[in-house]
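One letter stands for each residue in the lines below.
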Amino acid sequence: MQNSFHSIKLINRSNFRLTFSNIDDLLAKSCQSLNYTKRMKEKVGVQFLKKYLLPSSGQIIYEKTGRPRLEGDSTNISISHSKNYVALAEAAYRIGIDIEEINLRVLNVRNRFLNNGEKELFQEDSSLLNTIAWTIKESLFKLSHDGGLVFNTDLLILEEISPQSRYRCSMKDGGVFVEVIVEIVQMENLIIAFNVQD
């Protein structure tokens with residue numbers, strides 16, 4: 001497995017670390033002859049990232065809600081998959097992340113996840129800006145403890161703090177709305193969103 005670590009990228013902050021990689025690059029040496037489904041590749045990819053980021057921690061297990069956690073460990077983690085990428089983050093605080101490739105398809109569904117005020121923040125014909133909006137919403141969804149959330153009423157993008165990089169948001173959590181700051185990192189055709197605590 002050590003041979004595959006070369007494809008892993010790291011975002012490192014004082015109280016937060018996020019690793020991500022192209023799934024096929026990550027698994028090239030270990031799984032190239034195996035006929036893995038997409039879901040199996042994602043699971044194996046997350047295990048590679050876990051061994052890289054948190055080598056001495058317990059196994060990743062999932063709560064009834066689907067939220068991942070480490071067995072016997074209080075470390076806060078979040079996981080994300082996209083078509084070609086997998087990401088794992090750990091933080092000193094509760095964390096929600098999302099990773100997505102910029103894609104025109106997001107323009108066809110923006111009315112389902114953006115409310116009218118948010119539509120004014122994100123240019124209608126920009127796949128970049130609407131992918132940013134989608135990743136923000138997904139990271140908030142993963143951060144919240146509530147189930148049954150509606151993206152355009154329970155997960156809100158209130159304002160852009162820094163152009164295309166930091167947003168003030170509000171999300172329903174425990175039945176009440178709480179404010180959250182979400183940061184965006186763009187790397188080529190990839191958008192990564194995660195909540196921050198300064």
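Thresholds applied
Residues numbered from 1 in each chain as written. Predicted model: local features only at pLDDT ≥ 70, side-chain atom pairs only at ≥ 80, totals over all residues. Heavy atoms only, no water. Core = buried A, V, L, I, M, F, W, Y, C linked by side-chain atoms within 4.5 Å. Buried < 20%, exposed > 50% of the residue type's maximum accessible area, 1.4 Å probe, protein only. Helix = DSSP H or I, 4+ residues; strand = E, 2+ residues; numbered from the N terminus. Contact = heavy atoms within 4.5 Å. Axes fitted to C-alpha atoms, helices over the stretch in contact; angles between N-to-C directions. Parallel < 35°, antiparallel > 145°, perpendicular 65-115°, else oblique. Left-handed = near helix turned anticlockwise from the far one by under 90°. Nonpolar A, V, L, I, M, F, W, Y, C, P; charged D, E, K, R; others polar. pLDDT = per-residue confidence, 0-100. Expected span 1.5 Å × (residues − 1).

Caption draft 1: Focus on the nonpolar core. Residues F122, I132, I136, L140 and Y167 are the most contacted members of the largest nonpolar core, which totals 23 residues. Counting only elements with at least two residues in this core, the list comes to α3 (106-113), α5 (127-143), β8 (155-162), β9 (166-173), β10 (176-187) and β11 (190-196). Per-element accounting of this core gives the leading share, 6 residues, to α5. Excluding its chain neighbours within four sequence positions, the residues that come into contact with Y167 are F122, I132, I136, I157, E159, E160, I161, V180, I181, V182 and I184.

Caption draft 2: Quick peek at the packing of α3 against α5. With their axes 10 Å apart at the nearest point, α3 and α5 run at an angle of 45 degrees to one another. Between α3 and α5, the crossing angle belongs to the class labelled oblique. Note that α3 runs across α5; the crossing there is left-handed. Only S127, N130, T131, A133, W134 and K137 of α5 make contact with α3, whose side of the interface consists of V106, L107, R110 and F113. Across the contact of α3 with α5, the residue classes tally to 5 nonpolar, 3 polar and 2 charged.

Caption draft 3: Structural view of the confidence of the model for the chain. For the chain, the mean per-residue pLDDT works out to 91, and 94% of the residues sit at or above 70. The element-level mean pLDDT for the chain is lowest in helix α1 (residues 23-31), coming to 76, with strand β7 (residues 97-101) highest at 98.

Caption draft 4: Representation of α5 within the structure. Given a rise of 1.5 Å per residue, 17 residues ought to cover 24 Å, and the 24 Å separating the end C-alpha atoms of α5 matches this to within 8%. Burial analysis of α5 places 13 of its 17 residues in the buried class, which makes it a mostly covered element.

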